[in-house]
Each structure stands twice: as structure tokens, then as C-alpha cells.
Amino acid sequence: MRCPFCGADDTTVADTRINDDGDLVRRRRRCLSCDKRFTTFERAEVRVPQVIKKNGSRVEFDREKLTASFRLALRKRPIGSQAVDAAVGRIEEALRALGEREVASEVIGEMVMRELQKLDKIAYVRFASVYRNFEDVDEFSQVVREVSHPPQALGH
């Protein structure tokens with residue numbers, strides 16, 4: 001680690017501590033050249049995978065774009081921003097948990113559909129009609145029927 005005071009590369013670790021959550025390491029360091037002390041922090045970097053769009057291009061995952069999609073589907077619906085943020089957070093966490101470098105946009109679209117179906121049936125139908133690019137009224141009607149009469153669990 002380079003010293004932030006004199007720029008020397010010769011530093012030693014004087015003390016290491018892990019925070020209560022266990023996800024952050026704090027290190028007290030001392031420069032062997034100027035004898036000044038400084039603190040560094042370490043945290044594991046788990047990146048969200050890049051998104052492979054339908055046309056084959058690759059873009060960085062954009063949390064704001066995902067949030068905007070939710071807000072558009074939920075426009076004029078009684079769902080608060082905390083619920084939207086939580087849904088987006090669950091999707092982001094699920095993408096990180098995949099451990100992949102890249103993920104198809106279709107995978108994210110299906111995750112959005114599942115979250116919207118739990119949040120608001122109307123928003124789910126709105127999103128599905130655009131996302132699945134319905135060609136006729138029958139496809140639209142089928143989704144409405146699914147939402148109106150979800151399949152019953154077996155054994156009940």
C-alpha cells in the first residue's frame with residue numbers, strides 16, 4: 001500500500017480489525033519512510049453482471065433504469081417507493097448471487113415480472129404486455145386470466 005503522505009511503497013500493517021458484520025476489514029498502517037500512520041478499509045467487491053441485450057450488445061447493469069421501469073409499470077398505482085426500492089434491491093442481489101459475468105436481459109425481465117406480480121397485478125399486466133410484446137388480444141387476455149385466477153397449489 002502506498003503512503004498517502006509521502007508516496008513511499010514501504011508500509012506495514014500495525015493493526016487489523018474486522019467490523020461487527022464481518023464484511024469490512026480496517027487496517028492501521030505505518031509508513032516506514034515518513035513514520036506517519038493511516039487507515040485503510042477492505043471490502044469484498046461483488047459486481048453485478050453485465051447485461052446482454054436482445055441485439056447482442058453488452059451494457060452495464062443500471063439500477064436507475066430498472067427503477068424507472070418499475071415506476072412506469074406502477075404509475076398511478078398505490079405502491080410506495082420503499083416497496084419499489086426493495087424489489088429492485090432483491091433483483092440486484094439475485095443478479096450478484098448468480099456469480100456470472102454476464103446475464104441476458106430476458107433473465108432480468110423475468111425477475112421484474114415476478115416482483116411486479118407480487119407487488120401489483122395491474123402493474124404486472126402492464127409490464128407483461130410490453131415486455132412480452134403481445135401480438136393480439138388473446139395473449140393479453142391469457143395474462144389477465146392468470147392473474148385473476150392463479151393456479152391452486154396441489155393438495156389444498
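Residues numbered from 1 in each chain as written. Predicted model: local features only at pLDDT ≥ 70, side-chain atom pairs only at ≥ 80, totals over all residues. Heavy atoms only, no water.

### Things to note about the overall build of the protein chain
The helix and strand tally for the protein chain stands at five helices and six strands. Over its C-alpha atoms the protein chain spans a radius of gyration of 24 Å, topping by over 25% the 15 Å that the globule rule assigns to 156 residues. With the C-alpha coordinates of the protein chain rotated into their principal frame, the extents come out at 75 × 40 × 35 Å. Expressed as a percentage of its 156 residues, the buried residues of the protein chain come to 28%. Within the protein chain, contacts between residues at least 6 apart in sequence are counted, and of these 40% link residues at least 24 apart. Surface summary for the protein chain: the accessible area is close to 10900 Å², and the carbon and sulfur share equals 49%. Once the 29 positive and 26 negative side-chain charges of the protein chain are each reduced to a mean point, those two points are 4 Å apart. (Helix = DSSP H or I, 4+ residues; strand = E, 2+ residues; numbered from the N terminus. Rg over C-alpha atoms; globule rule 2.2 N^0.38 Å. Buried < 20%, exposed > 50% of the residue type's maximum accessible area, 1.4 Å probe, protein only. Contact = heavy atoms within 4.5 Å. Areas by Shrake-Rupley, 256 points an atom, 1.4 Å probe, with all protein chains shown as cover. Lys, Arg positive; Asp, Glu negative; His and termini not counted. Charge placed at Lys NZ, Arg CZ, Asp CG, Glu CD.)

### Digging into the pattern of salt bridges
By the definition in use, this model includes 13 salt bridges. Note that R77 and D120 form a salt bridge whose closest N and O atoms lie 3.0 Å from each other. Of the two residues, R77 sits in the loop between α1 (63-73) and α2 (81-98) while D120 sits in the loop between α3 (105-119) and α4 (121-131), which places them 43 residues apart along the sequence. Residue R77 is classed as partly exposed on the basis of its relative accessible area of 29%. Several salt bridges converge on common partners, so that one network encompasses R63, E92 and R96. (Salt bridge = Lys/Arg side-chain N within 4 Å of Asp/Glu carboxyl O.)

### Concerning the sheet that holds strand β1 (residues 11-18)
If you trace the three strands from one edge of the open sheet to the other, you get β1-β2-β3, paired in antiparallel fashion. If you trace the sheet from one side to the other, it starts and ends with β1 and β3 (37-42), each paired once. Going across the sheet, the axis of each strand differs from the next one's by a mean of 25°, ignoring polarity. When β1 meets strand β2 (residues 25-31), the two strands line up antiparallel, connected through seven bridges. Residue pairing across strands places T16 opposite R27, the latter belonging to β2. (Pairing = 2+ DSSP bridges. Axes fitted to C-alpha atoms, helices over the stretch in contact; angles between N-to-C directions.)

### Remarks on the state of the cysteines
Counting across every chain of the model gives zero disulfides. There is no disulfide at C3, and the cysteine sulfur nearest it, in C31, is 3.8 Å away. By relative accessible area, which is 3% here, C3 ends up buried. For the unlinked cysteine C6, the closest cysteine sulfur is that of C31, found at 3.6 Å. (Disulfide = S-S within 2.5 Å.)

### Some remarks on the packing of α3 against α4
Look at α3 against α4: their axes get within 8 Å of each other, and the N-to-C directions meet at 155°. The angle between the axes of α3 and α4 places the two elements in the roughly antiparallel class. In this structure, the crossing between α3 and α4 has a hand that is left-handed. Across the interface between the two elements, S105, E106, G109, E110, V112, M113, L116 and Q117 of α3 pack against K121, A123, Y124, F127, A128 and Y131 of α4. A per-class count over the contact of α3 with α4 returns eight nonpolar, three polar and three charged. (Parallel < 35°, antiparallel > 145°, perpendicular 65-115°, else oblique. Left-handed = near helix turned anticlockwise from the far one by under 90°. Nonpolar A, V, L, I, M, F, W, Y, C, P; charged D, E, K, R; others polar.)

Shape descriptors only; they carry no functional weight alone.
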